[in-house]
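Examining the three-dimensional arrangement
Spelled out from the first residue to the last, the chains are:
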Amino acid sequence: MKILLIGASGTIGKAVTTALANQHDVIAANYSGGDVSVDIGNQASIKAMFEQVGNVDAIVSTAGLANFSALAELTDADYDLALNNKLMGQINLMRLGKNYLNDNGSVTLTSGVLSQEPMQGSSVISMANGALESFIKAANLELENMRINAVAPIFVKETMAMMGMDTQDGLSAKDTAKAYVAAVTGTMSGTTLAVTDYV
Ligand SMILES: NC(=O)c1ccc[n+]([C@@H]2O[C@H](COP(=O)([O-])OP(=O)(O)OC[C@H]3O[C@@H](n4cnc5c(N)ncnc54)[C@H](OP(=O)(O)O)[C@@H]3O)[C@@H](O)[C@H]2O)c1
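Cut-offs and rules
Residues numbered from 1 in each chain as written. Predicted model: local features only at pLDDT ≥ 70, side-chain atom pairs only at ≥ 80, totals over all residues. Heavy atoms only, no water. Helix = DSSP H or I, 4+ residues; strand = E, 2+ residues; numbered from the N terminus. Polar contact = N/O pair within 3.5 Å; in protein donor to acceptor, adjacent residues only side chain to side chain. Contact = heavy atoms within 4.5 Å. Pairing = 2+ DSSP bridges. Axes fitted to C-alpha atoms, helices over the stretch in contact; angles between N-to-C directions. 1 Å grid on protein atoms, 1.4 Å probe; cavity = no way out; pocket = protein on both sides within 12 Å on 5 of 7 lines; lining within 4 Å. Points joined across faces, edges and corners; volume = space filled by probe spheres on them. Nonpolar A, V, L, I, M, F, W, Y, C, P; charged D, E, K, R; others polar.

A short note on the side chain of Asn129
Looking at the element boundaries, Asn129 is found in helix H4 (residues 123-139). Within the local environment of Asn129, its side chain forms a polar contact with the backbone oxygen of Gly112, the two atoms lying 3.4 Å apart. Setting aside chain neighbours within four positions, we find Asn129 in contact with Lys86, Ser111, Gly112, Leu114 and Ser115.

What follows is the structure, given as structure tokens:
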């Protein structure tokens with residue numbers, strides 16, 4: 001399969017690349033560098049990426065920005081980032097990318113466990129994750145000849161270590177990547193894959 005992976009240089013993206021690259025042709029798209037650069041917050045940039053890459057069998061996003069912040073401290077910019085990047089940035093990968101998707105291809109986007117298990121400071125992240133998961137469930141009812149799913153990671157051990165947190169309750173990036181492999185190679189559609197189900 002020819003797979004376009006947006007966010008390939010990230011903590012999760014690197015592990016997904018490693019998991020897929022043995023058997024598939026993975027094209028790495030990052031904000032800067034990689035095989036192709038893209039800003040998912042900018043539709044013209046997404047279009048230019050697909051023009052450059054051409055048709056693919058799978059689109060995978062391990063990108064999407066949104067900030068942790070106490071509800072009382074959230075600014076308009078925090079809401080805008082979550083909506084324009086994490087939510088619409090990924091939805092636009094599907095909207096613009098489906099014209100470049102081979103028949104029976106798939107789109108796999110990244111939400112996160114904070115949609116179902118929020119914590120203090122997660123409001124805008126939970127908002128974007130929940131909206132993304134609901135969008136995928138509904139869009140799946142109308143999309144033909146393609147599959148669409150979300151993967152909902154829990155805290156990744158490597159990210160927790162970078163933040164100086166205890167990593168005990170996290171999942172390694174390598175184990176997190178298994179859900180993305182399942183989404184790309186499986187037959188499910190309209191679903192959100194919980195990473196702990198694929199370890
Ligand atoms: N890590 C966790 O614990 C965790 C838990 C739950 C959910 N998630 C979700 O999983 C996803 C990936 O997380 P991560 O920790 O692997 O992220 P990360 O390490 O920060 O990597 C982010 C990736 O996205 C790319 N990127 C940044 N801004 C972009 C933009 N505007 N357009 C296109 N690509 C952009 C980066 O490219 P450059 O390297 O060029 O900047 C990089 O490849 C995010 O949606 C995050 O919310 C993560």
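A look at the sheet that holds strand S3 (residues 36-37)
Within the open sheet, the 7 strands sit side by side as S3-S2-S1-S4-S5-S6-S7. Their pairing is parallel. Looking at strand neighbours, the two that pair on one side only are S3 and strand S7 (192-194), the edges of this open sheet. Its contacts with the sheet place helix H3 (residues 76-97) against strand S1 (2-6), strand S4 (56-61), strand S5 (101-110) and strand S6 (146-152), and it is angled at close to 175° to S5. Lying on the sheet, helix H6 (residues 173-185) is in contact with S1, S4, S5, S6 and S7; it crosses S6 at an angle near 170°.

Describing the layout of surface pockets
Roughly 1,200 Å³ of internal volume is contained in the largest pocket. Taken together, 42 residues form the lining of the largest pocket, with Ile12, Gly64, Lys86, Thr110 and Thr159 sitting closest to its centre. Elements with a minimum of two residues in the lining of the largest pocket: helix H1 (11-21), strand S2 (25-30), H3, H4 and helix H5 (157-162). When its residues are assigned to classes, the lining of the largest pocket shows 24 nonpolar, 14 polar and 4 charged.

These values are about where atoms sit, not about what they do.
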